[in-house]
Amino acid sequence: SSEVSQSGSPSDQTISDPEISKKNAVEHFVNGSIAESKGDYSTAIKEFDQALAYDTSAGICFALAKNYFAINKLGSALKYSKMSVKLDSTNTEYQLQLADIFIQARENDSAAVVLENILAADSTDVNTYYKLARLYENTRPLEAIKIYDRLIDIIGLDWNVLLRVAE
């Protein structure tokens with residue numbers, strides 16, 4: 001049994017024992033994942049928030065961001081997404097989620113920076129090239145064409161890419 005104070009937060013004793021904290025974090029994370037799979041995002045958020053109280057990990061922050069994003073609470077989604085990327089900047093999935101949140105919030109310049117960072121680390125990520133080019137189509141069409149040209153260099157002639165360039 002986990003030790004929880006009246007306020008529902010971990011007691012000092014629980015926090016001081018890393019094994020118990022990890023076990024509690026995993027338990028809440030699993031409960032949150034089950035709730036998320038059922039589409040019960042508010043319960044998932046509560047469970048992931050409890051997990052975060054026991055263990056500040058990038059995966060928990062990512063899960064919180066994903067669930068806040070699912071209910072269109074962009075401010076909270078952005079906060080936790082930024083935390084997940086800060087805690088693990090090498091995880092492309094975390095970065096893509098951050099870019100998606102920026103795009104949804106119409107912060108396209110910030111999204112472009114994140115996507116360009118992904119491509120700087122992996123210049124073969126075809127899906128990220130597509131996403132960045134689509135982002136640039138309306139505001140920076142010449143840059144979009146350059147990206148589509150790079151895509152053609154990577155994957156060869158592709159009708160989808162050629163149609164986007166033609167438009």
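Refer to the structure printed above.
Computed from a predicted model, the values in this text were never measured in an experiment. (Residues numbered from 1 in each chain as written. Predicted model: local features only at pLDDT ≥ 70, side-chain atom pairs only at ≥ 80, totals over all residues. Heavy atoms only, no water.)

Following the criterion strictly, the structure yields 5 salt bridges and no others. A salt bridge links Lys22 to Asp55, with the nearest nitrogen and oxygen atoms 3.0 Å apart. Placement of the pair is Lys22 in helix α2 (residues 18-37) and Asp55 in the loop between α3 (41-54) and α4 (58-70), with a sequence separation of 33 residues. Across the pair Glu36 and Lys66 runs a salt bridge whose closest N-O atoms are separated by 3.0 Å. Pair noted here: Glu36 is in helix α2 and Lys66 is in helix α4, with a separation of 30 residues, a long-range link. Under the relative-accessibility criterion, Glu36 is labelled buried at 18%. (Salt bridge = Lys/Arg side-chain N within 4 Å of Asp/Glu carboxyl O. Helix = DSSP H or I, 4+ residues; strand = E, 2+ residues; numbered from the N terminus. Buried < 20%, exposed > 50% of the residue type's maximum accessible area, 1.4 Å probe, protein only.)

With that settled, the discussion passes to the environment of Lys82. The residue Lys82 is located in helix α5 (residues 74-87) in this model. Relative accessible area serves as the criterion here: at 44%, Lys82 is assigned to the partly exposed category. In this structure, the C-alpha to C-alpha distance between Lys82 and Leu98, residues 16 residues apart in sequence, is 6.7 Å. Setting aside residues no more than four positions away along its own chain, Lys82 makes contact with Leu98 and Phe102. (Contact = heavy atoms within 4.5 Å.)

In this structure, Leu64 and Leu132 are the most contacted members of the largest nonpolar core, which totals 38 residues. Elements supplying a minimum of two residues to this core: α3, α4, α5, α6 (92-104), α7 (108-121), α8 (126-136) and α9 (141-155). Considering every element that reaches this core, the biggest residue donor is α4, with 8 residues. Ignoring sequence-local partners within four residues, the contact set of Leu64 consists of Ile45, Phe48, Asp49, Leu52 and Tyr80. (Core = buried A, V, L, I, M, F, W, Y, C linked by side-chain atoms within 4.5 Å.)

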